[in-house]
Structure formats: structure tokens, C-alpha cells
Amino acid sequence: MIFGAHIPDGRSAGQQPVRGFARGREEGRRIDLPNWSMLVKVTASDTLGRLTVLEGRMGPGEPGPLPHVHEGHDETFVLVEGRLRFRVGDGFHSAVAGETVFAGRRLAHGFGNPFDEPARYVAILTPSGYEDYFAEVAEHVARTGTAPSRTLTQELMARHRTVLAPHLPDPGSVPS
């Protein structure tokens, strides 16, 4: 459902449209990875690249992305169900439903689900674009049946102004 309004304020092409919409529970751009899926609810084209909102579902035992650093965007994660383990900078935190974790650009971060139950979260990317990295990874997995190598991961990340962060041991990691 799309909501709109005509506002004669002299806006020129390229400015944020004056509109809104509602997307249903299963509507959006699907990105499927093994044991991890995302549903992009608000896309770059919806916001002229200013913002992306996605719902992620991460299965138990999923290590998630390797720790990395984004040059071009910030990420906010709101846990809806379950728990996730985050690295933000030099710190680690096990987030639970209802908590919010923010990782600003140029700050090493990563997350995964080392726990026994699935997790669901909402991620907000400002500005948009990094969801395309996950789509490229998903396309590779669908085509080859395997996750990208570390070298290919670095190449894909570089296209999106992202680099891998140095490893930092997690003092509170969940034993396997």
C-alpha cells in the first residue's frame, strides 16, 4: 500500500519524495544465505539511497560476517527475538530482544549467533547500498553451492567500501 500527498513546495527532481508505504510481513527483497536470511523492507530506491531497513533472521550457530569496517555507512541493529553476539570496536556484547546496537562507519564490528535459538533483528543502514553486498554473496552461494573464499569476500566488500578488520579474540565467546 502506498500513501502519498501532493505538496506544492517547489521540490526539484532528486529530492526525497513525499510519500509513504506499508509493506506486508513477507514483502520485500529477499536475500537468502545458508542459515541466514534478510528481507529488505525499505530500499535504496524508496529513499533515494539515504536509508535501507531490513529484517534479518539468523539461525543458531551462525557465525555471521567476519568483522569488518565500513567507510561509507552506519549500521543500527534492533534485536526483536533471540540473542546475537556483537563486536563493536574493541568491545563485545551479547544483545537480547529489545536491545539496540549501533556501529558507526569506520568502526570495526561484526555479529553472529553462537546461541542455540534463532534470532530476528531489524537493521538500519544509512546511507543505503550495503544490502547489495549481501545479495552478491547470496548469488555466489546459489551459483556455486559454497560461501565465497576469504579473497572473494575481500573483493566483494571492497566494491562496497568495506575492509576486513583485524581479528580480536572474544573473551566471552560461547563454547561450542
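Here, the structure is the one placed above.
Residues numbered from 1 in each chain as written. Predicted model: local features only at pLDDT ≥ 70, side-chain atom pairs only at ≥ 80, totals over all residues. Heavy atoms only, no water.

Enquirer: Quick question: what am I supposed to make of the overall build of the chain here?
Expert: Looking only at helices and strands, the chain has three helices and 13 strands in total. Looking at the 176 residues of the chain, the share that counts as buried comes to 41%. For the chain, long-range pairs separated by at least 24 residues make up 63% of all intrachain contacts whose partners lie at least 6 apart in sequence. About 9,600 Å² of surface is accessible on the chain, with carbon and sulfur atoms providing 56% of the total. (Helix = DSSP H or I, 4+ residues; strand = E, 2+ residues; numbered from the N terminus. Buried < 20%, exposed > 50% of the residue type's maximum accessible area, 1.4 Å probe, protein only. Contact = heavy atoms within 4.5 Å. Areas by Shrake-Rupley, 256 points an atom, 1.4 Å probe, with all protein chains shown as cover.)

Enquirer: Whenever I open this one, the sheet that holds strand β7 (residues 74-81) confuses me. Can you help?
Expert: Each strand in a sheet pairs with its neighbour through backbone hydrogen bonds, running either in the same direction (parallel) or in the opposite one (antiparallel). The sheet built from six strands is open, its strands ordered β3-β4-β5-β12-β7-β10 with antiparallel pairing. Both outer strands of the open sheet, β3 (29-33) and β10 (100-103), are each paired with one neighbouring strand and no more. Along the sheet, successive strands turn relative to each other by an average axial angle of 20°, direction set aside. Pairing analysis gives five bridges linking β3 to strand β4 (residues 36-42), with the strands arranged antiparallel. Its bridge partner being in β4, Ile31 is matched across the sheet by Met38. Across the face of the sheet, helix α2 (residues 131-144) comes into contact with β3, β4, β5 (52-58) and β12 (119-126) while running at roughly 55° to β3. (Pairing = 2+ DSSP bridges. Axes fitted to C-alpha atoms, helices over the stretch in contact; angles between N-to-C directions.)

Enquirer: Just to check I follow, could you spell out the environment of Ser45 for this structure?
Expert: Structurally, Ser45 can be placed in helix α1 (residues 44-47). Among the polar contacts made by the side chain of Ser45, one reaches the side chain of Thr43 at a distance of 3.0 Å. (Polar contact = N/O pair within 3.5 Å; in protein donor to acceptor, adjacent residues only side chain to side chain.)

Enquirer: How should α2 be read in this particular structure?
Expert: It helps to recall that an α-helix has 3.6 residues per turn; residues three or four apart then point in one direction. Counted at 1.5 Å a residue, the expected span for α2 with its 14 residues is 20 Å, and the 20 Å between its end C-alpha atoms agrees. Those residues of α2 lying buried are Glu131, Tyr133, Phe134, Ala135, Val137, Ala138, His140 and Val141. Positive phi shows up at Gly145, right after α2, with a value of about 80°. (Expected span 1.5 Å × (residues − 1).)

Enquirer: Sorry, what's going on with the side chain of His160 here?
Expert: Within the fold, His160 resides in the loop between α3 (150-159) and β13 (162-164). For His160, a relative accessible area of 17% puts it in the buried group. In this structure, His160 is in contact with Gly129, Tyr130, Asp132, Tyr133 and Glu136, ignoring residues within four places of it in sequence.

Enquirer: Just to check I follow, could you spell out α3 for this structure?
Expert: Along α3, the residues that are buried comprise Thr153, Leu156 and Met157. End-on, the buried residues of α3 take up no more than an arc of 100°, which puts them together on one face. Against the buried residues of α3 lie β6 (68-70), α2 and β13. Once α3 ends, the next one or two residues include Arg161, with phi positive near 55°. (Arc of directions from axis to C-beta.)

Enquirer: Sorry if this is basic, but what is going on with the pattern of salt bridges here?
Expert: Side chains carrying opposite charge are able to pair once their charged atoms draw close together. Counted according to the given criterion, the structure contains eleven salt bridges. Arg159 is paired through a salt bridge with Glu136; the nearest N and O atoms lie 2.9 Å apart. Pair noted here: Arg159 is in helix α3 and Glu136 is in helix α2, with a separation of 23 residues, a long-range link. Beyond isolated ion pairs, a larger network of salt bridges with shared partners links Glu55, Arg57, Glu81 and Arg120. (Salt bridge = Lys/Arg side-chain N within 4 Å of Asp/Glu carboxyl O.)

Enquirer: Sorry if this is basic, but what is going on with the pairing of β7 here?
Expert: Residues in a regular strand point their side chains to alternate faces of the sheet. Of the pairings in the sheet, the one linking β7 to β12 comprises seven bridges and is antiparallel in character. Within β12, the residue paired with Asp74 across the bridge is Thr126. Here β7 pairs with β10 via four bridges, running antiparallel. Following the sheet pairing, Thr76 is matched in β10 by Phe102.

Enquirer: Even after reading the chapter, I still don't get the packing of aromatic side chains, so can you show me in this structure?
Expert: Any pair of aromatic rings gets described here by the distance separating the centres and the angle formed by the planes. Applying the stated criterion across every chain yields a total of ten aromatic pairs. Between Phe77 and Phe111, the aromatic rings sit 4.8 Å apart at their centres with planes inclined by 55°, giving tilted as the arrangement. Here Phe111 lies in strand β11 (residues 109-112) and Phe77 lies in strand β7, a separation of 34 residues in the sequence. Look at Phe77 and you get buried, because its relative accessible area is 3%. A relative accessible area of 7% places Phe111 in the buried class. Summarising the aromatic geometry, the rings of Phe77 and Tyr121 are spaced 6.0 Å apart at their centres and angled 55° between planes, so their arrangement reads as tilted. (Phe/Tyr/Trp six-rings, centres within 6.5 Å; stacked < 30°, edge-to-face > 60°.)

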